[in-house]
Amino acid sequence: MHPAPKMSQISTNRIRLTVSADDARRVSRLRWINKLRQGKTRVIRYDGTRFDTLQLRLRAEALGIDLLEDHKGRVSQRSASGSRTVSDRLESSRPDVTQLAAIIDDRSLIARIKRWKLIPVFHYRKFREVRMNLVAGNTEILLVARSGTLLAKQSKVRKSLKVGEITLELVSGDPSEMYELGIRIADTLDARPACHDIAEFGYRLARPALGAGVAKAGKPVLHAGMTAGDAFTAVMLETMTHLLSNQHLLIRGKPEAVHQTRVALRRMRAALRAFKNVLPYDKRKAFNGELRWFQQRLGSARDWQVFLTESLPRIGKARSGLPTEIGRLRKVALVERRRATQDAMEVCETRRFTRLLLHLLGWLAELHNDSDKGPRGVPLVPFACRVLGKTHRDLLRDRRALSRMNPDELHTVRKLGKKARYATEFFAPLWADSDNRDMLQRLKLLQENLGDINDAVVARQLLVTLHPGRLSTTSHWVIQSWARDRIGKCLATAQPHWRKLQRSRVFWEQAEPLDHPGIYSSAA
């Protein structure tokens, strides 16, 4: 097992776009790009090697060490930590760990790295790096386009992958100009926003297991000294990282990646709702509408995935005397899941989706520059207390037993529970030393049981979407009877959690907030 990497936080002053190797070479030749160019274009050709430990500990610390040899035979070392990079010439062919001192301040970490044994992990072959300074209005932007072939060994078999990347970094001026440039590049080329650099493809080539699992939601780093605007930017960048971390699996048709993408979209909408009092109304509503549209387009794939992997095994266990009908249901569900997943892949590969993400990042950059002005400049802690208090009161307004609620009322409780849970996950790091975990656990358990009820309801609704005649009357009866029994059992299981939640103490009124970033792990 390799340690999980620290989730790359996306910066509002930098855009990273994944493109094909051909498009990465093409961007510097675009006529409209060259009209913005100021100064001389620098082209570097090199081969190289990425070094790390056998357990990939540098990757886990979001660090990278490359030894590069240019076309003139000069050897240099490039060390990276997030967006910070430093390059120096070397006399030897072994990495110099002391170079990391220029980009990281943790001396104890440097001391530990000096004791690590660094080995080659993957290689860069025939790489071409183009660096251009662009000027749009009063804004200066650095464009870097990299392309080449990555080489690595898998079980003594050499594997190769052609890759390309375009990076835009704001040097000075208005970030909105940089995002407009990024959107135009994405419209011209087949480009997608990314949260990891090109080296991550090399790691996945060398260790395929690294890219096999989905990424779950991380934790926003908040503290009491922040403004509400700062907190909104931190939360949205964390959710954007969560979304982009699963795109490589989504476009390969992995059903679980569809679910994590929907979770990320839902969390973005939850953040827009939680911070609505400090956000411009028109843009908030516009982004919420677009995010909702994409979330709905991914819904069918997730519904069939849940039916196939969760509901159907339960149906088979409860109705074990009908193996023929269960087998027929499974065949239909496999076909429908494949179709719906393909639709989800196509939706997330559209330029509309890419433009949405870039417009959203541009808006975050605009808000971040003015985070201490107007309503966004209010202190975070009293703002968080108001939001948490409102979502908690809304959820518990109807205190009746769940069994006495009709389906619409149960659905309303489920939606309000999601709002309360996401708001609690966003702001809980402010009170990391309190008993907020108890409330989050109760919200999670309640949501899981209400989600099981919703899955049973959806199982019945999926029948309506099928063409008449695809399922027999018996299959319809099997699903309808199982759903009715399942809903009754889930209501009985959810009721104790519902009562415990009603008696829970509200931690934001009981504990003092932290005045430094808290260490907290939220669940997705």
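Look up: the structure comes first, before these words.
Residues numbered from 1 in each chain as written. Predicted model: local features only at pLDDT ≥ 70, side-chain atom pairs only at ≥ 80, totals over all residues. Heavy atoms only, no water.

Okay, the packing of aromatic side chains next. Per the counting criterion, the structure on display carries 16 aromatic pairs. An angle of 85° between the planes, with centres 5.7 Å apart, marks the rings of Trp304 and Phe307 as edge-to-face. Of the two residues, Trp304 and Phe307 are both situated in helix H11 (residues 299–318); the distance of 3 residues between them amounts to about one turn of the helix. On the basis of relative accessibility, which here comes to 3%, the residue Trp304 falls in the buried class. (Phe/Tyr/Trp six-rings, centres within 6.5 Å; stacked < 30°, edge-to-face > 60°. Helix = DSSP H or I, 4+ residues; strand = E, 2+ residues; numbered from the N terminus. Buried < 20%, exposed > 50% of the residue type's maximum accessible area, 1.4 Å probe, protein only.)

What the rule picks out here adds up to 0 disulfides. A disulfide-free cysteine, Cys195 has its sulfur positioned 14 Å from the sulfur of Cys348, the nearest such atom. The exposure class assigned to Cys195 is buried, which follows from its relative accessible area of 6%. (Disulfide = S-S within 2.5 Å.)

One non-glycine residue with positive phi stands out, namely Leu56, at about 55°. For Lys126, which is not a glycine, the phi torsion comes out positive at approximately 50°. Within the element layout of this structure, Lys126 appears in strand E6 (residues 119–136). Classification of Lys126 by relative accessible area gives exposed; the value is 70%.

Right, let's talk about the sheet that holds strand E4 (residues 75–81) for a bit. Spatially, E5-E4-E3-E2-E6-E7-E8-E1-E9 is the arrangement adopted by the 9 strands of the open sheet, whose pairing is antiparallel. Each edge of the open sheet carries a strand with a single partner, namely strand E5 (84–89) and strand E9 (192–193). Pairing of strand E7 (residues 139–154) with strand E8 (residues 157–172), which is carried by 15 bridges, proceeds in the antiparallel orientation. Note that in E8 the partner of Leu142 across the bridge is Glu169. (Pairing = 2+ DSSP bridges.)

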